[in-house]
Amino acid sequence: MRNWLQQIDEQTERARVIVLALTDYAHHRPLILKNVDINNIVDKTMLLVRKNLGTQVTVIRQIPQNLSIIADEQRLQQVLINLLKNAVDAGGQQVTIILSGDYLDNLNLQGSYQLGKLLITNDRRYVAISIVDNGPGIAPEVLKNIFDPFFTTREV
């Protein structure tokens, strides 16, 4: 119960920050940088999106213990939420999602891994976080718009 209450408190704060970000959209909000444990942020994210994933969605985690970065925790969590939800929305209820990460110098960057990686600096080291799924991918005509704020392919 204590863990759930802590999650409610943390996610209420996250929602408050999102609302502030939307209201201040035209203004740049400074980054709130702190040491973020990647497994901890993935745990928190999975608690939030678990019911949206459905029972037949498989999430495979390949993240070493103690992988951490200096980052804005709320923004990083929002990126993870968006990518996981998009994988399910586009891939269907039987999609398999592989969520992996490591320090860049520990990774073999061959083949498809070079697509879709998110690189984050950590005291002159880089952390790569990758979310790969077996869905249909992004249509070429949509790809050019994916970084536009509020862009969606869903019906209004």
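None of the values given here were measured: they were computed from a predicted structure.

Asks: Help me out: how do you make sense of a nonpolar patch on the surface in this one?
Replies: Among the surface-exposed residues, Ile-138, Leu-143, Ile-146, Phe-147 and Phe-151 lie close enough to one another that they form a single nonpolar patch of about 530 Å² accessible area. Its location among the elements puts Ile-146 in the segment after helix H4 (140-143). For Ile-146, a relative accessible area of 36% gives the class partly exposed.

Asks: Honestly, helix H2 (residues 38-53) in this entry has me stumped. Any pointers?
Replies: One full turn of an α-helix is made of 3.6 residues, so residues set three or four places apart face in the same direction. Remark: the principal bend of H2, roughly 40°, maps to Leu-47. When we look at burial in H2, the residues that qualify are Ile-38, Asn-39, Ile-41, Val-42, Lys-44, Thr-45, Met-46, Val-49 and Leu-53. Put simply, Asp-37 is the residue that caps the front of H2, since its side-chain oxygen is 3.1 Å from the backbone nitrogen of Asn-39. Just past H2, the residue Gly-54 takes up positive phi, approximately 80°.

Asks: Honestly, helix H3 (residues 73-91) in this entry has me stumped. Any pointers?
Replies: If you check H3, its first and last C-alpha atoms are 27 Å apart, about what 19 residues at 1.5 Å a residue would give, namely 27 Å. Of the positions making up H3, those classed as buried are Glu-73, Gln-74, Leu-76, Gln-77, Leu-80, Ile-81, Leu-84, Ala-87 and Val-88. Projection of H3 onto a plane perpendicular to its axis shows the buried side chains occupying an angular sector of 165°, all on one side. Capping of H3 at its N-terminal end is provided by Asp-72; its side-chain oxygen lies 3.3 Å from the backbone amide nitrogen of Gln-74. Gly-92, located one to two residues past H3, shows a positive phi value of around 90°.

Analysis parameters
Residues numbered from 1 in each chain as written. Predicted model: local features only at pLDDT ≥ 70, side-chain atom pairs only at ≥ 80, totals over all residues. Heavy atoms only, no water. Patch = residues over 30% accessible without salt bridge, like charges linked within 9 Å, V, L, I, M, F, W, Y side chains within 5 Å. Areas by Shrake-Rupley, 256 points an atom, 1.4 Å probe, with all protein chains shown as cover. Salt bridge = Lys/Arg side-chain N within 4 Å of Asp/Glu carboxyl O. Helix = DSSP H or I, 4+ residues; strand = E, 2+ residues; numbered from the N terminus. Buried < 20%, exposed > 50% of the residue type's maximum accessible area, 1.4 Å probe, protein only. Bend = angle between axes of the 7 residues up to and from the residue. Polar contact = N/O pair within 3.5 Å; in protein donor to acceptor, adjacent residues only side chain to side chain. Expected span 1.5 Å × (residues − 1). Arc of directions from axis to C-beta.

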